[in-house]
Amino acid sequence: MEKLKSIALLLFALIMSTGAFSQAKKPTIMVVPSDNWCFKNNFMNTYDNMGSTLKIPDYKAALQESTELLNVISKINEMMTERGFPLKNLESVMKTLQSQSAEDAMLTSKTGADANESPIDKLKKVAKADIIMQLTWSINQTGPKRSVTFNLQGLDAYTDKQIAGASGTGQPSFSAELPVLLEEAVLAHIDNFNAQLQRHFDDLFANGREVSLRIMTFSSFNGDLESEYNGQELSEIIETWVSDNSVKGRFSLSDATENTMLFEQVRIPLYDASNRAVDTRGWARELQKMLADRYRITSKLMTRGLGQAQLVIGEK
């Protein structure tokens, strides 16, 4: 009997180690209305971007004024939660963003260099979602029956690349409730959509998250990226660090001069050794610390959104 019990325990341990009963880590998702929906429903803010007009979705106004939007987001949240996908609530994120007044201040260096973030970049930073789930829908009326046409886009929050998609039109129904119509329309597609999201997240987990890093120099910097430190050019030191600290050494150095370097398609780990989430700013800050500690090189770290970091060498 004891022997059988030991064998059973060994088999159980083996099964658990292979992950047969373990649950895959799920990506964090936030549902937002698409730019198209916001534009058609007059929920847009207009900004002057160096002489050109820039229109940005006004999520705050949309949430406050559109009961339809709240119902739709609630239904999608409910459907995703039932399938084990954690979601960030857009309304809660907007409230957090509003309370962080320090975010409104422009980052500047002592010599006047600056970094601006768009409202969408700020939203993504506060939400810290892996995937933005962008939703568009419209109601079709055929006599007394109504149906919903929808379009779901899963966007990587760091790169804005579409990594999942689903669209379709539900069967005409006498139901007057939009959430019910939406559920009927989406139901046939959502499991395939979620499978696409999970495959993308599994790739991120195995191969790292894709980000970009730009290295620049202030005019006050006494040297450039070709200056040597302990027999190595500064550009070599930085490139070696990026290689050593990217997942499987995966990155592309798409531009390199004596004053600038641009690293693209850099794969950084999702989690550090302590299982804490790693973002672009935290990852690039380690490079900033290394340059300061080893070579007494001062630099200013700036970020744009979740996936772009810029390290400007010479001062803070």
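Above: the structure in question.
Predicted model, so just to flag it, every value in this text is computed and none were measured. (Residues numbered from 1 in each chain as written. Predicted model: local features only at pLDDT ≥ 70, side-chain atom pairs only at ≥ 80, totals over all residues. Heavy atoms only, no water.)

Asks: Tell me about the packing of helix H5 (residues 90-99) against helix H6 (residues 119-127), and name the residues and values.
Replies: Running from N to C, H5 and H6 cross one another at 105°; their axes reach a closest spacing of 9 Å. The angle between H5 and H6 falls in the class roughly perpendicular. Touching Leu90, Val93, Met94, Thr96 and Leu97 of H5 are Lys122, Leu123, Val126 and Ala127, all from H6. Of the residues that constitute the contact of H5 with H6, the class distribution is 7 nonpolar, 1 polar and 1 charged. (Axes fitted to C-alpha atoms, helices over the stretch in contact; angles between N-to-C directions. Helix = DSSP H or I, 4+ residues; strand = E, 2+ residues; numbered from the N terminus. Parallel < 35°, antiparallel > 145°, perpendicular 65-115°, else oblique. Contact = heavy atoms within 4.5 Å. Nonpolar A, V, L, I, M, F, W, Y, C, P; charged D, E, K, R; others polar.)

Asks: Can you lay out H5 for me, pointing to particular residues and giving the numbers?
Replies: Those residues of H5 not exposed but buried are Leu90, Val93, Met94 and Leu97. Here the buried residues of H5 occupy an arc of 100° about the axis, which is enough to place them on one side. Exposed residues lying more than 90 degrees from the buried face of H5 are Lys95 and Ser99. Where H5 is buried, its residues meet strand E1 (29-33), helix H3 (59-65), helix H4 (67-82), strand E4 (87-88) and H6. Two or three places before glutamate 91, at the start of H5, stands the capping residue asparagine 89, its side-chain oxygen 3.0 Å from that residue's backbone nitrogen. (Buried < 20%, exposed > 50% of the residue type's maximum accessible area, 1.4 Å probe, protein only. Arc of directions from axis to C-beta. Polar contact = N/O pair within 3.5 Å; in protein donor to acceptor, adjacent residues only side chain to side chain.)

Asks: Give a description of the sheet that holds strand E15 (residues 299-304) that names residues and reports values.
Replies: Strand order in the open sheet made by the 5 strands is E13-E14-E10-E16-E15, with mixed pairing throughout. Each edge of the sheet is formed by a strand with only one pairing partner; in this case those strands are strand E13 (252-256) and E15. Neighbouring strand axes in the sheet, compared pairwise and without regard to direction, differ in orientation by 20° on average. With 6 bridges joining them, strand E10 (residues 209-217) and strand E14 (residues 261-268) adopt antiparallel strand pairing. Along E14, the bridge assignment pairs arginine 214 with leucine 262. The sheet strands contacting helix H8 (residues 234-244) are E10, E13, E14 and strand E16 (308-313), and the helix crosses E14 at an angle near 15°. (Pairing = 2+ DSSP bridges.)

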